[in-house]
Amino acid sequence: MNRRGHVSRATGNMALIAAIALISGVALLSFTSAAAAPRAQSAGVKGIERGDLDRTADPCNDFYSFANGAWRASNPNPKGMERWSRRAAGREANRLRLEKLLAELAAKADRPRGSVEQQLGDQFASCMDEPALDTLGVTPVAPFLTEIASIVDASGVQRAIRRLHELAIPAPFALTPASDYGDPESVVVNIAAGGLGLPGRDYYLKPDPAFAEAREKYRAHVAAILTLASVTAMSAPKAAEEILALETRLAEASLPPDAASDPAATAHKMTFAQLGRLAPRFDWERYFAEAALPRIDVNVAEPAFLERVNRELAATPVETWRAYLTWRLLESASPWLSRPFASESFAFRDRYLGGAVAPRSRARVCLESTEELLGEPLGRAYAARHFPTGAKERVQAMIRSLLGVLKDDLRTLKWMSEATRKQALAKVEGYEVMVGYPDTWTDYSSLVIRRDALWANVAASRRFGVDLGRKRIGGRTSRSIWPLPPSSPDASIDIQLNVMTLPAGFLEAPAFDPAASDAVNFGAIGVGVAHDITHAIDALGRDFDANGQPRNWWTKPDLDAFAKIGQCTVDQYGGYEIEPGLRLDGKRVLGEALGDLAGIRLSYRALKKWMVDHPAPVIDGFTPEQQFFISWGQFRGASESLELQRRMAKTDPHATARYRVIGPLSNSPDFQAAFACTDGSAMVRSKEQRCGVW
């Protein structure tokens, strides 16, 4: 039931975030800082991965096999994985480095209190001590459970809701900071639908057998957790029934998935007084006072949902609210309690809903929880150990080079009108990229982390994060706030705010290698970054101007011209076959295919521009131009199961790995020249057939 893809739209806190096209690590280019002139590469730099090449394949006819065929042949997919690649292996290497770092920090118990090392080490140690957790059982959350059990009226229900929100548990709604959709420079209160234990409204409402089964599994799961805790007044099966019924009523008032993920459809700004009239049974004055929030305008993402919550406060018996709030606490805490709770949570969340084959190692569980709770401190320690000196400046210089080439390209596009060109240039000129780690670290020294209290650590860390977020409300949007921890192997783009984030954990091989040639790095990270920058000005980014204001700044003639030119790519990719009778959907993959086409062209131009003054070396018999294209084939190549390819052809906005590699290259006259391919070769589309927008 999970759908995976590297670029997607989302509206968490109203900011339009998309995961970046590169997945798993970056390596460094030989660029200097902006203040210094770039230097030519020294001898001994690393070229492409020679062992990955299938030298029996002709690059002009089967470049995919030539670039990565040997690697795929010798690296079968691990058990339970439908895709395996150098990127996936790089991601795993990042995780293993972090596990080793945390284990080393946890080995010493007497580090200075409040230091990054103490907080990380003690948090990891508290998580790894499963025997101690098994001894405690449900005890860590017992005081809060007792408080919920003592609720006798609606005011008690609301008090528990406020307490849960302090722990970042959205029950029955979420209240968080967010950039104002209509005024993205301002941070407002955003009230969103929440409090559902299943992934979305369809799970509650649709009669399909798969959803019906999920409801029954969920009912049993809720009852199992409540039975383990032995805390509800009513029987666990009866409580599970009441909880499911309440959540179903809330789901009925929720937006369908497409609307819920549309930032325009979830923008409903109102005054504090209007909020009170929308949901008068909820004591907003007390909530805002206890949270120290200003009584400014708020955004209610789903007014109908909040109205339903208001009705349920009166209509739902207090006994049912007690069961529901107990469940919401236990659901959030179960992974961090004794093994019976954690195992039941895994069985339903990870195995049944998520498709996991086996539990992750305890070290991996504890790494990911530490990264979630203490992401910035962990990133700080990780960057100090694994992000090379000068890497940040070098990556920033690479980004500036790519942005410069894109601006040059925009100035000469024949199909784009002057009005649209002006807006596009303004967006590219204002594009911001956060590299490696924050320029200023948040002070976590007041956060108390204990070596013997995992849930207390989780609760304290969550409160710390909630407090930080609440303090931002009423202020101006800061583009320096990182959406990902610096240790993350992922990266992101915020379409509305025009920001890209490249964490230190992302800036690792195979995408970016400090020992590799400029050509290799331009062929991997360069292509991916250029691809995602174009999303700021393409069909994805045209809904927001350079200031983040929601408006379509494309003219109608430009829109028509874009569609006409893009039809070439629709036709090309629609001809790619997965198996007899099944081809890619050219319209579905159009946006990402155009991004790849642009990424190849722009990054190659950036490399060539660089090489005018700083010639790159021939390595292992391959010219810089050949290294560039082979690097793309090795970075993007992957072993994908046939079943995965079938699903991708029907649902994914990306082409399968083979066609992501050969699709853009077959349109490139530079590729043809680099490998001296003759006209008519499989990897050479004729001049009349070549596609591209940027």
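Residues numbered from 1 in each chain as written. Predicted model: local features only at pLDDT ≥ 70, side-chain atom pairs only at ≥ 80, totals over all residues. Heavy atoms only, no water.

Taken together, the buried positions of helix H25 (residues 642-651) are Leu644, Gln645, Met648 and Ala649. Burial along H25 is one-sided: seen end-on, the buried residues are contained in an arc of 135°. Tucked into the core, H25 has its buried residues touching strand E2 (83-84), strand E10 (577-579), strand E11 (582-583) and strand E12 (639-640). (Buried < 20%, exposed > 50% of the residue type's maximum accessible area, 1.4 Å probe, protein only. Helix = DSSP H or I, 4+ residues; strand = E, 2+ residues; numbered from the N terminus. Arc of directions from axis to C-beta. Contact = heavy atoms within 4.5 Å.)

Enumeration over the complete set of coordinates arrives at three disulfides. Linked covalently through their sulfurs, Cys127 and Cys366 form a disulfide whose S-S length is 2.1 Å. When the S-S torsion is -85°, as for the bridge of Cys127 with Cys366, the disulfide is left-handed. Here Cys127 is found in helix H3 (residues 116-128), whereas its partner Cys366 is found in helix H16 (residues 362-373), with 239 residues between them in sequence. Its relative accessible area of 0% is what places Cys127 among the buried residues. Each disulfide in the protein links cysteines that, numbered along the sequence, combine into the pattern 1-5, 2-3, 4-6. (Disulfide = S-S within 2.5 Å.)

A few words now on the packing of aromatic side chains. Tallied over the full model, the rule gives 33 aromatic pairs. Note on Tyr573 and Tyr576: the rings are 5.3 Å apart at their centroids and 85° apart in plane angle, and the pair reads as edge-to-face. Across the pair, exposure class does not vary: Tyr573 and Tyr576 are buried alike. (Phe/Tyr/Trp six-rings, centres within 6.5 Å; stacked < 30°, edge-to-face > 60°.)

In this section: the sheet that holds strand E4 (residues 187-193). The strand order across the open sheet built from four strands is E3-E4-E6-E5, with neighbouring strands paired in mixed fashion. Edge strands, defined here as strands with exactly one partner in the open sheet, are strand E3 (173-179) and strand E5 (269-270). Where E3 and E4 come together, seven bridges link them in antiparallel fashion. Bridge pairing in E4 places Leu175 opposite Ile191. Contacts from helix H13 (residues 303-315) reach E3, E4 and strand E6 (298-300), with the element oriented near 145° to E3. (Pairing = 2+ DSSP bridges. Axes fitted to C-alpha atoms, helices over the stretch in contact; angles between N-to-C directions.)

Relative to each other, helix H5 (residues 142-149) and helix H14 (residues 318-333) sit at 165°, their axes nearing to 9 Å. Considering the angle they form, H5 stands roughly antiparallel to H14. Of the two possible hands of crossing, H5 and H14 adopt the one that is right-handed. Across the interface between the two elements, Phe144, Leu145, Ile148 and Ala149 from H5 touch Arg322, Leu325, Thr326, Leu329 and Leu330 from H14. Per-class residue counts for the contact of H5 with H14 are seven nonpolar, one polar and one charged. (Parallel < 35°, antiparallel > 145°, perpendicular 65-115°, else oblique. Left-handed = near helix turned anticlockwise from the far one by under 90°. Nonpolar A, V, L, I, M, F, W, Y, C, P; charged D, E, K, R; others polar.)

Pairing between side chains of opposite charge can happen when the charged atoms of each approach one another. Scanning all chains against the criterion turns up 50 salt bridges. The residue Lys238 makes a salt bridge to Glu242 at a minimum N-O spacing of 3.0 Å. Note that Lys238 and Glu242 are positioned in helix H9 (residues 236-252) at a spacing of four residues, about one turn of the helix. Among the residues examined, Glu242 registers a relative accessible area of 24% and is labelled partly exposed. In this structure, a network of salt bridges that share partners links the residues Lys46, Glu49, Asp52, Arg86 and Asp513. (Salt bridge = Lys/Arg side-chain N within 4 Å of Asp/Glu carboxyl O.)

Phi is mostly negative for residues that are not glycine, and the peptide bonds are mostly trans. For the bond running from Ala171 to Pro172, omega is -10°, close enough to zero to count as cis. Following the sequence through the fold, Pro172 ends up in the loop between helix H6 (154-166) and E3. In this structure, the amide linkage connecting Ala509 to the following residue, Pro510, adopts the cis form with an omega of 15°. The phi dihedral of Ala676 is positive, around 50°, even though this residue is not glycine.

Moving on: helix H15 (residues 339-353). Across its 15 residues, H15 extends 19 Å between first and last C-alpha, which sits within 8% of the 21 Å expected from 1.5 Å per residue. Where H15 bends most, the angle comes to about 35°, and this point is Phe346. Residues of H15 that are buried include every one of Phe341, Ala342, Ser345, Phe346, Phe348 and Leu353, and no others. At its buried positions, H15 is contacted by helix H7 (201-205), helix H8 (209-229) and H14. Among the residues trailing H15, Gly355 stands out with phi positive, at a value near 80°. (Expected span 1.5 Å × (residues − 1). Bend = angle between axes of the 7 residues up to and from the residue.)

For the protein, per-residue confidence averages 92 on the pLDDT scale, and residues scoring 70 or more make up 94% of the total. In the predicted structure, residues 1-39 sits below a pLDDT of 50 and forms 167 contacts with residues beyond four places in sequence or in another chain. (pLDDT = per-residue confidence, 0-100.)

The subject of this paragraph is the packing of H5 against H6. At a closest axis distance of 10 Å, the pairing of H5 and H6 adopts a crossing angle of 155°. As far as their axial angle goes, H6 and H5 are roughly antiparallel. Considering how the two elements wind past one another, H5 and H6 form a crossing that is left-handed. Packed against H5, whose contacting residues are Phe144, Glu147 and Ile148, the element H6 presents Arg159, Ala160, Arg163 and Leu164 at the interface. A breakdown of the residues in the contact of H5 with H6 according to their chemical character gives four nonpolar, no polar and three charged.

Now for the environment of Gly276. Along the polypeptide, Gly276 turns up in helix H11 (residues 272-278). Gly276 sits in the partly exposed class, given a relative accessible area of 25%.

Right, let's get into the side chain of Asn667. By the secondary structure assignment, Asn667 is in the loop between helix H26 (657-665) and helix H27 (669-674). According to the relative accessible area criterion, Asn667 is buried, its value standing at 7%. Among the polar contacts listed, one links the side chain of Asn667 to the side chain of Gln572, at a separation of 2.9 Å. In this structure the side chain of Asn667 is engaged in a polar contact, spanning 2.7 Å, whose partner is the backbone nitrogen of Cys691. In this view, Asn667 contacts Gln572, Leu597, Arg685, Gln689, Arg690 and Cys691; residues no more than four positions away in its chain are not counted. (Polar contact = N/O pair within 3.5 Å; in protein donor to acceptor, adjacent residues only side chain to side chain.)

The next subject is the environment of Lys564. Along the chain, Lys564 falls in helix H22 (residues 556-574). Relative accessible area serves as the criterion here: at 70%, Lys564 is assigned to the exposed category. C-alpha separation for the pair Lys564 and Val693, spaced 129 residues apart in sequence, amounts to 9.9 Å.

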